Amino acid sequence: MTRRSCAIYVVGIVCAHLLIIGIGLVVAQVFTTLMHNRLKKEITLTEGSRVFESWKNPPPPVYMEYFFFNVTNVEQIMAGGRAVVTQVGPYTYREYRYKANVTMLENGTRVSAYTPKTFVFLREKSVGDPAEDAITTVNIPAWAVMNKVKGSFFRATMVSIWMNSLGADYFTTRTVDELLWGYRDPLLARLAPSYPDVEEIFGLMYKKNGTYGGEFVYHTGEQNHMDYGRVDTWKGQRQLSFWTTNQSNSINGTDGSAFHPLLSKEERLYVFTPDLCRSIYMEFEKDVVVKGIPAYRFTPPESVLASKEENPANEGFCVTPKECLGTGLLKVSPCRKGAPVVASFPHFYLGDPKYVAAIEGLSPQREHHQTFLDLNPTTGVPVRANKRAQINILINRIPGFPKTKVLNESGIIFPVMFINESVVIDDASVQRLQKLLLIVNVVSNFPLIIVGLGAIMLLVFILLVVRAHKKKNEVKRNGFTKAVYASTAEEDTSYCPVTDKEKDENGTYVGMTATTDLQS
């Protein structure tokens with residue numbers, strides 16, 4: 001066996017082994033399974049894990065933007081006219097959030113933490129000075145008190161008298177700072193001595209700057225990667241008590257800061273939001289790319305805030321059968337001390353068009369008012385997010401308050417403010433995530449690399465076989481040509497002795513003479 005033949009056999013054997021092994025590994029998903037198992041162990045809320053420190057102190061900057069609806073025709077509204085509002089904002093704050101008092105529980109399967117938030121105003125990202133800019137809006141404390149006493153004619157009459165004496169009207173003009181962080185309301189100050197649960201300070205973000213809120217207990221994902229970051233208890237409770245059904249009171253999902261790795265487009269992600277006093281769910285919308293990182297976009301579908309007629313599961317969020325609001329609204333008064341607060345998406349996005357038509361100046365737009373989460377499907381890391389929500393007040397006709405007679409009994413959902421809480425992954429985190437994804441892709445696709453090498457070896461093997469076959473044919477053709485040439489030469493050549501003279505002078509010679517010459 002020649003050296004060339006040996007090389008062909010060796011290449012063929014190596015090619016066959018690479019293809020068989022590579023295809024077998026691809027079909028069995030061995031390396032993908034190994035890599036996924038590694039990710040499940042690495043991405044846990046435990047000391048020393050890949051994500052624990054960034055979970056406790058998230059590096060990407062978070063921004064909170066506040067937009068207000070300034071009322072421009074108070075007198076016409078109180079005369080029964082249609083409200084006209086103009087959007088003012090944003091007033092932007094840098095939000096610093098971290099996990100405090102982090103404690104491991106139950107042998108590392110649970111971790112408890114508080115989530116304080118601190119807000120710092122950013123003038124360069126805002127439209128004005130919150131200490132100077134004034135906003136005319138619904139007098140929320142007044143409407144909260146009016147709703148509290150509407151069942152008693154005597155109490156309603158007393159409150160009406162107090163409001164007149166204090167000059168408290170149904171609308172008020174306050175600075176942005178006052179509306180956000182609090183001001184002393186005269187009506188609340190009048191009630192506070194008699195009602196211990198009433199505070200004389202009111203603000204939409206009152207006691208939410210630098211305060212701890214409630215304690216969360218999270219699953220670490222140590223036992224099951226699907227539980228990574230999932231809320232186990234909030235303020236010591238696994239169930240809320242605000243709503244009328246167990247399903248509505250369930251605390252489901254994460255707090256929105258962490259999601260399990262290996263996400264699927266088919267799954268429904270749950271997020272527990274204390275501000276809404278409930279859990280909401282999000283579904284896959286589309287693939288996106290953020291700073292070169294692939295991500296799945298999840299958004300809340302219309303069914304999340306649909307009416308009970310459109311989504312019977314939402315019936316549990318009705319405060320009473322008579323207080324079931326339409327699509328796009330959630331009355332959160334049970335967790336707001338009875339105040340007629342209604343939550344929605346900004347500009348009533350995904351809501352019943354009648355709510356938009358009732359207020360002039362609203363224009364819901366998907367681009368500016370949709371809530372979404374962009375999550376890397378391999379790691380579950382949020383790479384971009386926009387949480388958008390609107391605070392509204394239900395104003396309606398209330399017995400005992402004569403000026404409200406011009407309002408409908410069903411009321412008007414009056415927009416006050418909406419927020420846009422946004423975050424985009426920082427560049428340093430992008431680099432770390434890209435390195436991790438590169439490792440995951442290389443290891444997971446290693447069998448394909450083996451198949452690729454096998455395919456290259458197959459091409460080499462085919463080339464060698466073809467060349468060897470051509471060489472063999474050439475050898476056979478050359479041998480045949482030589483044989484034919486030799487027989488022809490023998491027939492055309494004869495031998496004869498040289499002349500006597502030549503013999504004497506030069507010895508004996510044998511000369512070759514053409515046969516034709518001899519015959520002639």
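Quick look at the structure, then. Since the structure is predicted, the reported quantities are computational estimates derived from the model, not experimental observations.

**Side note on helix α5 (residues 140–149)**
Most of α5 is tucked away, with nine of its ten residues classed as buried. Considered for burial, the residues of α5 that qualify are I140, P141, A142, W143, A144, V145, M146, N147 and V149.

**Side note on the state of the cysteines**
Under the counting rule described, the total for this entry stands at two disulfides. Sulfur-sulfur distance for the disulfide between C277 and C335 comes to 1.7 Å. Negative torsions about the S-S bond denote left-handed disulfides, and the value of about 85° found for C277 with C335 makes this one right-handed. Pair noted here: C277 is in the loop between β12 (268–273) and β13 (278–290) and C335 is in the loop between β15 (330–331) and β16 (341–344), with a separation of 58 residues, a long-range link. The exposure classification of C277 matches that of C335, with both residues buried. When the bonded cysteines of the chain are counted from the start of the sequence, the pairing works out to 1-4, 2-3.

**Quick word on the pattern of salt bridges**
Under the criterion given, the structure shown has 21 salt bridges. Here D374 ties to R384 by a salt bridge, and the two come within 2.8 Å at their closest N and O atoms. With D374 in strand β18 (residues 372–375) and R384 in strand β19 (residues 382–395), this residue pair connects regions lying ten residues apart in the sequence. Taking relative accessible area as the criterion, D374 reaches 0% and is therefore assigned buried.

**Considerations on the sheet that holds strand β10 (residues 216–219)**
In a beta sheet, neighbouring strands are held together by backbone hydrogen bonds and run either parallel or antiparallel to one another. The strand order across the open sheet built from four strands is β3-β4-β10-β11, with neighbouring strands paired in antiparallel fashion. In this open sheet, the two edge strands, each paired with only one partner strand, are β3 (100–105) and β11 (231–234). Ignoring which end each strand starts from, the neighbouring axes of this sheet average 20° apart.

**Here's the deal with the nonpolar core**
Counting 84 residues, the largest nonpolar core has Y66, F68, W143, M163, F401 and F414 as the members making the most contacts within it. With near-sequence residues (within four places) excluded, W143 lies in contact with V138, Y170, P340, I393, L394, I395, N396, I398, T404 and L407. Core analysis: the second largest hydrophobic core is formed by 20 residues, Y218, Y228, L240 and L436 among them.

**Concerning the environment of V332**
For V332, the location among the structural elements is in the loop between β15 and β16. Between the C-alpha atoms of V332 and V342, which are ten residues apart in sequence, the distance is 5.7 Å. Those residues in contact with V332, other than ones at most four positions away along the chain, are W243, L276, V341 and A343.

**Points about the packing of aromatic side chains**
Each aromatic ring pair is characterised by the separation of its centres together with the angle its planes make. Enumeration over the complete set of coordinates arrives at 23 aromatic pairs. When the centroid spacing of 5.4 Å and the interplanar angle of 90° are considered together, the rings of W55 and Y218 count as edge-to-face. Residue W55 is located in helix α3 (residues 52–56), and its partner Y218 is located in strand β10; the two are separated by 163 residues in the primary sequence. By relative accessible area, W55 is classed as buried at 5%. Seen from their ring centres, F348 and Y355 are 6.0 Å apart, and the 40° between their planes marks the pair as tilted.

**What to know about the packing of α5 against helix α6 (residues 153–166)**
Following both chains from N to C, one finds α5 and α6 inclined at 160°, their axes separated by 8 Å at the closest point. Here α5 lies roughly antiparallel to α6, going by the angle between them. In this structure, α5 crosses over α6, and the sense of that crossing is right-handed. On α6, the residues that touch A142, V145, M146, K148 and V149 of α5 are R155, A156, V159 and M163. For the contact of α5 with α6, the per-class residue count stands at seven nonpolar, no polar and two charged.

**So, a nonpolar patch on the surface**
The grouping of L453, I456 and V460 at the surface amounts to a nonpolar patch, some 250 Å² of accessible area in total. Position of V460 relative to the elements: it lies in helix α13 (residues 446–491).

**A look at the side chain of H260**
Topologically, H260 is positioned in the loop between α9 (246–249) and β12. Side-chain polar atoms of H260 contact the side chain of E267, separated by 2.9 Å. In contact with H260, not counting residues within four places along its chain, are H225, M226, Y228, E267, T379 and G380.

**Quick word on α6**
Here α6 is 14 residues long and its end C-alpha atoms lie 20 Å apart, about the 20 Å a rise of 1.5 Å per residue gives. Along α6, the positions that sit buried rather than exposed are A156, V159, S160 and M163. Buried residues of α6, viewed axially, fall in a sector of 105°; they line one side. Counted as exposed and oriented over 90 degrees from the buried face of α6: F154 and S165. One or two positions beyond α6, positive phi appears at G167, with a value near 75°.

**Description of the pairing of β19**
With ten of 14 residues buried, β19 lies mostly within the body of the structure. In the sheet, β16 pairs with β19 via four bridges, with the strands oriented antiparallel. For A343, the partnering residue across the bridge sits in β19 and is I391. The pairing of β18 with β19 spans four bridges and is antiparallel.

**With respect to a negative patch on the surface**
Taken together, the side chains of E302, E309, E310 and E315 make up a negatively charged region of the molecular surface. Inspection of the secondary structure assignment puts E315 in the loop between β14 (293–299) and β15.

**Some words on the environment of P90**
Here P90 lies in strand β2 (residues 83–97). In this structure P90 comes out as buried when scored by relative accessible area, which is 17%. Through-space distance from the C-alpha of P90 to that of Y66 is 5.3 Å; in sequence the pair is 24 residues apart. When sequence neighbours within four positions are dropped, the list of residues in contact with P90 reads E65, Y66, F67, K125, S126 and V127.

**Some thoughts on the pairing of strand β1 (residues 62–71)**
Residues in a regular strand project their side chains so that they alternate between the two faces of the sheet. With nine of ten residues buried, β1 is to be regarded as a mostly interior element. As judged from the seven bridges shared by β1 and strand β20 (residues 412–424), these two strands associate in the antiparallel manner. Each bridged residue has a counterpart across the sheet, and for F68 the counterpart in β20 is M417. Note that β1 and β2 share nine bridges and pair antiparallel. Opposite M64, over in β2, you have Y93 as the bridge partner.

Rules of the game
- Residues numbered from 1 in each chain as written.
- Predicted model: local features only at pLDDT ≥ 70, side-chain atom pairs only at ≥ 80, totals over all residues.
- Heavy atoms only, no water.
- Buried < 20%, exposed > 50% of the residue type's maximum accessible area, 1.4 Å probe, protein only.
- Helix = DSSP H or I, 4+ residues; strand = E, 2+ residues; numbered from the N terminus.
- Disulfide = S-S within 2.5 Å.
- Salt bridge = Lys/Arg side-chain N within 4 Å of Asp/Glu carboxyl O.
- Pairing = 2+ DSSP bridges.
- Axes fitted to C-alpha atoms, helices over the stretch in contact; angles between N-to-C directions.
- Core = buried A, V, L, I, M, F, W, Y, C linked by side-chain atoms within 4.5 Å.
- Contact = heavy atoms within 4.5 Å.
- Phe/Tyr/Trp six-rings, centres within 6.5 Å; stacked < 30°, edge-to-face > 60°.
- Parallel < 35°, antiparallel > 145°, perpendicular 65-115°, else oblique.
- Left-handed = near helix turned anticlockwise from the far one by under 90°.
- Nonpolar A, V, L, I, M, F, W, Y, C, P; charged D, E, K, R; others polar.
- Patch = residues over 30% accessible without salt bridge, like charges linked within 9 Å, V, L, I, M, F, W, Y side chains within 5 Å.
- Areas by Shrake-Rupley, 256 points an atom, 1.4 Å probe, with all protein chains shown as cover.
- Polar contact = N/O pair within 3.5 Å; in protein donor to acceptor, adjacent residues only side chain to side chain.
- Expected span 1.5 Å × (residues − 1).
- Arc of directions from axis to C-beta.
- Lys, Arg positive; Asp, Glu negative; His and termini not counted.
- Charge placed at Lys NZ, Arg CZ, Asp CG, Glu CD.

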